[in-house]
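Observations on the three-dimensional arrangement
Chain by chain, the residues:
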Amino acid sequence: MKTLKQIPEFSTEAEERAFWEEHDSLEYIDWEKAESIRFPNLKKSTKSISLRLPEDMLERLKSRANAMDIPYQSYIKMLLQKELSGI
């Protein structure tokens, strides 16, 4: 059995990040004993973008979103997700 090193205490996230950039986790963690877990309630990170659309297209998007009683930005995300997932 391999002896693992003790993971040090970190005072900041930056300090921990710097540590792991310089050290191999195999010296500190037995990955064969690791279990896969899911975090289903975590919110995905988002990034704002700027998108130029023809005015008539934007008006049609807004009209359809309004008919569904949702914000037009949410409607655009729904359309993109549908296209990307191949539904």
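Presented here is an overview of the structure given in this document. Please read all numbers here as calculations on a predicted model, not as lab measurements. (Residues numbered from 1 in each chain as written. Predicted model: local features only at pLDDT ≥ 70, side-chain atom pairs only at ≥ 80, totals over all residues. Heavy atoms only, no water.)

Glancing now at the packing of aromatic side chains. Taken as a whole and judged by the stated rule, the model has four aromatic pairs. Both rings, one in F19 and one in W20, keep their centres 4.9 Å apart while their planes meet at 85 degrees; by these two values the pair is edge-to-face. Here W20 falls in the partly exposed class, since its relative accessible area comes to 25%. Aromatic side chains W20 and Y28 sit 5.5 Å apart centroid to centroid with 85 degrees between the ring planes, which places their arrangement in the edge-to-face category. Each member of the aromatic cluster is reached from another via a ring pair, and the members are F10, F19, W20 and Y28. Here K62 stacks its cationic end above the ring of Y72, 4.9 Å away from the centre of that ring. (Phe/Tyr/Trp six-rings, centres within 6.5 Å; stacked < 30°, edge-to-face > 60°. Buried < 20%, exposed > 50% of the residue type's maximum accessible area, 1.4 Å probe, protein only. Lys NZ or Arg CZ within 6 Å of the ring centre and 35° of its normal.)

A separate point is the packing of helix α2 (residues 55-67) against helix α3 (residues 72-85). As a packed pair, α2 and α3 sit with axes 8 Å apart at the nearest point and diverge in direction by 95 degrees. Comparing their axes, α3 and α2 come out roughly perpendicular. Along the contact surface, α2 presents L58, L61, K62, R64 and A65, while α3 presents Y72, Y75, I76 and L79. Tallied by class, residues from the contact of α2 with α3 come to seven nonpolar, no polar and two charged. (Axes fitted to C-alpha atoms, helices over the stretch in contact; angles between N-to-C directions. Helix = DSSP H or I, 4+ residues; strand = E, 2+ residues; numbered from the N terminus. Parallel < 35°, antiparallel > 145°, perpendicular 65-115°, else oblique. Contact = heavy atoms within 4.5 Å. Nonpolar A, V, L, I, M, F, W, Y, C, P; charged D, E, K, R; others polar.)

The next point concerns the pattern of salt bridges. Applying the stated rule across the entire model yields four salt bridges. In this structure, K5 and E27 form a salt bridge, with 2.9 Å as the shortest nitrogen-oxygen distance. On the criterion of sequence distance, the pair formed by K5 in the segment before α1 (13-22) and E27 in the loop between α1 and α2 is long-range, its members being 22 residues apart. For K5, a relative accessible area of 48% translates into the label partly exposed. A salt bridge links D30 to K33; the shortest N-O distance between them is 4.0 Å. Residue K33 is classed as exposed on the basis of its relative accessible area, which comes to 59%. (Salt bridge = Lys/Arg side-chain N within 4 Å of Asp/Glu carboxyl O.)

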